[in-house]
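What follows is the residue order along each chain.
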Amino acid sequence: MKNKKWIVILSIVLVVLLAGGSIFGYSQWQSAKKEERLKDAAKAWVSAIEKQSFDKIPSLVTSDSLKAAGYTKETVVEKYDAIYGGIGVSNMKIDYEISEDHTLSYTATFDTVLGTISSIPYKTKLVEDGDTYKIDWTAELIFPGMLSDDKIRYTVDEAQRGSIIDRNGKPLAFNTTTYQAGVVPQNLGEGQARTSKIANIAKQLGISAEFIEEQLSQSWVQPDYFVPLKTLAYGTEATVIDGVSYQEVQTRAYPLADAAAQLTGYVGEVTAEDIEKDPTLQSGDIIGRSGLELTFNDELRGENGGEIYIETANGEKRATIQQVEKKDGQDIQVTVDAQVQQVAFDSLENAAGSTVVMEPKSGNLLALVSKPSFDPNLFVVGITQEQYDVYNNDENKPFISRFSTRYAPGSTFKPITASIGLEAGVTTVDKTREISGLQWQKDDSWGNYKISRVTETDVVNLETALVKSDNIYFAQEVLEMGEDTFREGLNKLTFGENYDLPLTMEPAQISNEKSFGSEILLADTAYGQGQLLMSPIQMAANYSVFANDGVLTYPKLLVDAESKTKEVFAKETVDTIKPMLMKVVTSSEGTANSLKGVGNLAAKTGTAELKGSQGERGVENSLIFAFDANDSSYLTVSIVENHREVEKTATELIKPVIQFLEQVQ
């Protein structure tokens with residue numbers, strides 16, 4: 001009996017223990033599930049705010065809290081959309097934690113139209129709602145301190161865009177005012193009188209009557225409101241037109257207009273695509289679209305200032321959320337001389353081509369001209385389709401930056417070949433070659449291919465070859481020195497190098513492949529053709545060796561950039577070549593003799609022929625490189641595309657530039 005009694009007692013104890021364990025386990029399980037639901041609710045809320053998925057908010061907050069705040073499921077979404085969209089909230093990052101009393105605390109860091117706001121603190125309760133948890137919502141979860149009927153306002157203190165100025169401080173791009181033409185609806189009259197007046201306005205402003213009607217039909221328009229129609233380009237006068245009124249507006253101006261368009265570029269109003277890429281941009285913002293305006297957009301644009309604040313229902317400021325001082329854009333000063341740029345542009349007349357002027361000692365680029373061109377002032381105010389079509393349909397492609405476009409340098413390259421030959425010991429001053437006729441080929445292995453020259457001279461030395469620009473002489477010289485020696489000399493220059501310039505430009509190239517692969521291509525390269533490609537800027541840089549005793553000066557465009565040089569040829573080599581380049585000008589047989597008397601010049605002319613096959617007459621580009629032989633104060637390279645069409649060579653067209661440079665040095 002006694003044993004049975006103990007068995008019963010033990011059984012009872014065991015049952016109690018098992019029951020207690022089950023209750024404890026269930027409690028633990030319930031607690032874990034509760035913790036999981038709390039975390040899920042917090043995570044869902046944070047995700048919705050970070051990703052701005054505001055349509056999810058109604059399902060994440062309690063209905064009672066929305067109602068207490070005076071919002072519906074629809075209006076709370078609209079509120080978030082309006083506020084976050086209005087101030088340009090992006091890149092939201094949230095750190096959060098949940099306390100034991102179910103309080104969700106988090107800090108938010110994000111960008112706005114005024115920049116980054118860091119670590120704004122938020123706090124709310126997670127409330128049990130059925131089998132889940134939801135947010136106890138108040139307007140303070142939009143911004144701390146905000147009440148339900150408050151609004152978010154912001155003001156922008158726009159930064160002034162910096163100017164682009166030349167070496168002397170003259171503006172190449174600056175801010176100014178222009179006129180905006182518009183109409184006041186009540187001044188247009190009615191019926192046929194209105195129709196006639198609108199037709200005349202459309203004709204005078206170069207817009208359509210349909211466009212004017214569209215502007216007048218906008219929802220905000222009132223009879224006595226000014227309705228903008230067209231902003232006049234910088235320099236355009238506001239003429240009297242019946243029914244048209246004018247108001248002054250800010251604009252960007254390019255005083256050299258088409259003379260420096262490819263260099264300065266232009267600005268334009270941001271598009272929806274721009275804003276999508278950079279949410280800190282707002283409709284109406286101005287950014288660089290091309291040229292230096294684009295390259296230095298961040299520096300020129302500066303940073304807008306302003307204030308984002310909470311405004312009460314009575315229109316009073318409750319609290320400042322963010323306040324930023326504006327930072328005006330920097331001025332960008334370039335080495336270009338506005339006067340030289342204009343003279344160089346004008347001197348090309350109606351030719352398609354480019355002129356580059358450089359100081360060979362410093363590398364300062366004084367002029368970067370590309371022609372034909374376009375007026376960047378038209379793009380700032382909104383170019384018409386008709387105006388754009390004129391540019392776009394021009395077969396000479398005015399939007400191309402020809403100063404950074406690669407060409408075959410033609411015979412302007414011969415002094416380089418001569419210098420390599422002299423240093424290799426293959427070319428000497430006294431050495432002569434007997435050449436008969438105007439055409440030559442090495443042997444029958446060349447097939448039908450022959451090298452041509454312009455002037456027939458039986459006995460040719462280095463000086464004669466440079467003065468008369470003899471292709472055959474240089475072809476024979478380079479074949480004697482061989483590809484390895486020639487390439488070794490060329491590689492001392494800047495082929496394959498990228499320059500430290502704020503311009504887009506492919507490196508100069510010797511040939512398409514690492515070796516010529518044929519004697520014909522080697523020979524053609526000697527006189528600047530074959531597959532040799534150099535931009536006018538690259539020509540100026542490499543030819544600077546002849547103005548600098550064999551030292552190459554890299555080009556620079558920013559005033560505060562450091563000059564960079566490298567030794568290429570010995571001074572003795574250049575001392576040999578330079579007098580011969582001077583005779584290219586002074587000799588009656590010299591190809592640049594038309595420049596005699598303009599200044600004490602050294603020069604080399606060139607013609608690069610582009611043709612499909614041997615025997616046919618192709619398009620010829622005319623080139624010249626010239627420099628001041630006295631003290632190397634300037635060096636210029638100019639190219640005229642298809643010069644036979646304009647009936648003038650680069651040598652003829654460069655004359656006013658050299659005359660101007662001689663006057664101002």
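Now for a description of the structure that goes with this document. None of these values were measured; they are calculated from a predicted model.

Time to look at the environment of Thr 271. When you line up the elements, Thr 271 lands in the loop between β10 (267–269) and α8 (272–277). Of the residues examined, Thr 271 reaches a relative accessible area of 37% and is grouped as partly exposed. On a C-alpha basis, the gap between Thr 271 and Leu 281 in space is 9.4 Å, while along the polypeptide they are 10 residues apart.

A few words on the sheet that holds strand β1 (residues 90–98). Taken together, 4 strands build an open sheet; the order of strands is β1-β2-β3-β4 and the sheet is antiparallel. Sheet topology places β1 and β4 (132–135) at the edges, where each strand pairs with a single neighbour. Strand-to-strand twist of the sheet, defined as the mean angle between neighbouring strand axes without regard to direction, takes the value 30 degrees. In the sheet, strand β2 (residues 103–112) pairs with strand β3 (residues 115–129) via 9 bridges, with the strands oriented antiparallel.

Time to look at a negative patch on the surface. Together, Asp 55, Glu 74, Glu 78 and Asp 81 make up a region of like negative charge exposed at the surface. Tracing the chain through its elements places Asp 81 in helix α4 (residues 73–86).

All right, on to the layout of surface pockets then. The volume enclosed by the second largest pocket comes to roughly 1,200 Å³. Lining the second largest pocket are 38 residues, with Glu 158, Glu 269, Gly 284, Asp 285 and Ile 286 positioned closest to its centre. Of all the elements in the fold, those that place two or more residues in the lining of the second largest pocket are β5 (151–157), β7 (171–183), β9 (245–253), β10 and α12 (376–381). With 4 residues, β9 is the largest single contributor of residues to the lining of the second largest pocket. Broken down by class, the residue content of the lining of the second largest pocket amounts to 13 nonpolar, 17 polar and 8 charged.

Moving on: the packing of aromatic side chains. The final tally for this structure, using the stated rule, is 28 aromatic pairs. Through a chain of ring-to-ring contacts, the aromatic side chains of Tyr 266, Phe 374, Phe 379, Tyr 388, Tyr 391 and Phe 399 assemble into a single cluster. The lysine or arginine in question, Lys 317, covers the ring of Tyr 309, its NZ or CZ lying 5.2 Å from the ring centre.

General note: in soluble globular proteins, nonpolar side chains tend to be found buried as a group. Judged by nonpolar contacts, the single largest core of 123 residues is most densely connected at Ile 416 and Leu 557. The element best represented in this core is helix α16 (residues 471–490), accounting for 9 residues. Sequence-distant contacts of Leu 557, defined by excluding residues within four places in its chain, comprise Leu 263, Leu 292, Gln 333, Val 334, Thr 335, Val 336, Leu 365, Leu 368, Leu 501, Pro 502 and Leu 503. Counting 45 residues, the second-largest nonpolar core is a separate cluster that includes Leu 60, Trp 137, Ile 142 and Ile 310.

Further remarks concern the pattern of salt bridges. Taken as a whole, this structure holds 31 salt bridges when the rule is applied. Of the charged contacts in the structure, one is a salt bridge between Arg 37 and Glu 128, with a shortest N-O distance of 4.0 Å. Of the two residues, Arg 37 is situated in helix α1 (residues 2–50) and Glu 128 in strand β3; the sequence distance between them amounts to 91 residues. In this structure Arg 37 comes out as partly exposed when scored by relative accessible area, which is 23%. Note that Glu 477 is salt-bridged to Lys 431, the shortest N-O span being 3.0 Å. Here Lys 431 lies in the loop between α14 (414–424) and β17 (432–434) and Glu 477 lies in helix α16, a separation of 46 residues in the sequence. Taken individually, Glu 477 and Lys 431 each receive the classification buried, so the pair is uniform in this respect. Three or more residues are tied together by salt bridges with common partners; here these are Lys 431, Arg 433, Glu 477 and Glu 480.

Here we come to the sheet that holds strand β25 (residues 635–640). Strand order in the open sheet formed by 5 strands is β16-β15-β25-β24-β23, and the pairing between neighbours is antiparallel. The open sheet has two edge strands, β16 (365–371) and β23 (601–610), and neither has a second partner. Averaged over all neighbouring strand pairs, the angle between strand axes comes to 5 degrees, with direction disregarded. Strand direction decides the pairing type here: strand β24 (residues 619–628) and β25, joined by 6 bridges, are antiparallel. Paired with Ala 626 across the strands is Thr 636, a residue of β25. Lying on the sheet, helix α19 (residues 571–586) is in contact with β23 and β24; it crosses β23 at an angle near 75 degrees. Contacts from helix α21 (residues 650–664) reach β15 (353–358), β23, β24 and β25 within the one sheet, and its direction differs from that of β24 by about 20 degrees.

Residue Pro 372 is bonded to the preceding Lys 371 through a cis peptide linkage, with omega at 0 degrees. Mapped onto the secondary structure, Pro 372 falls in the loop between β16 and α12. A positive phi is found at Asn 91, a non-glycine position, where the angle reads about 55 degrees. Among the secondary structure elements, Asn 91 is positioned in strand β1. Exposure remark for Asn 91: the relative accessible area of 52% places this residue in the exposed category. Non-glycine residue Asn 642 carries a positive phi angle of around 50 degrees. Mapped onto the elements, Asn 642 comes out in the loop between β25 and α20 (643–646). On the basis of relative accessible area, Asn 642 is assigned to the partly exposed category, the value being 22%.

This part is about the pairing of β7. A regular strand places its side chains on the two faces of the sheet in alternate fashion. Across 2 bridges, the pairing between strand β6 (residues 164–165) and β7 is antiparallel. Bridge pairing in β7 places Ile 164 opposite Ala 173. In this antiparallel pair of consecutive strands, β6 and β7, the connection spans 5 residues, and Gly 169 shows a positive phi of 90 degrees. As judged from the 9 bridges shared by β7 and β9, these two strands associate in the antiparallel manner. Looking at β9, one finds that Asn 175 is bridged to Arg 252. Relative to strand β8 (residues 227–231), β7 runs antiparallel, the two sharing 4 bridges. The residue of β8 that forms the bridge with Gly 182 is Pro 228.

Definitions and limits used
- Residues numbered from 1 in each chain as written.
- Predicted model: local features only at pLDDT ≥ 70, side-chain atom pairs only at ≥ 80, totals over all residues.
- Heavy atoms only, no water.
- Helix = DSSP H or I, 4+ residues; strand = E, 2+ residues; numbered from the N terminus.
- Buried < 20%, exposed > 50% of the residue type's maximum accessible area, 1.4 Å probe, protein only.
- Pairing = 2+ DSSP bridges.
- Axes fitted to C-alpha atoms, helices over the stretch in contact; angles between N-to-C directions.
- Patch = residues over 30% accessible without salt bridge, like charges linked within 9 Å, V, L, I, M, F, W, Y side chains within 5 Å.
- Areas by Shrake-Rupley, 256 points an atom, 1.4 Å probe, with all protein chains shown as cover.
- Salt bridge = Lys/Arg side-chain N within 4 Å of Asp/Glu carboxyl O.
- Lys, Arg positive; Asp, Glu negative; His and termini not counted.
- Charge placed at Lys NZ, Arg CZ, Asp CG, Glu CD.
- 1 Å grid on protein atoms, 1.4 Å probe; cavity = no way out; pocket = protein on both sides within 12 Å on 5 of 7 lines; lining within 4 Å.
- Points joined across faces, edges and corners; volume = space filled by probe spheres on them.
- Nonpolar A, V, L, I, M, F, W, Y, C, P; charged D, E, K, R; others polar.
- Phe/Tyr/Trp six-rings, centres within 6.5 Å; stacked < 30°, edge-to-face > 60°.
- Lys NZ or Arg CZ within 6 Å of the ring centre and 35° of its normal.
- Core = buried A, V, L, I, M, F, W, Y, C linked by side-chain atoms within 4.5 Å.
- Contact = heavy atoms within 4.5 Å.

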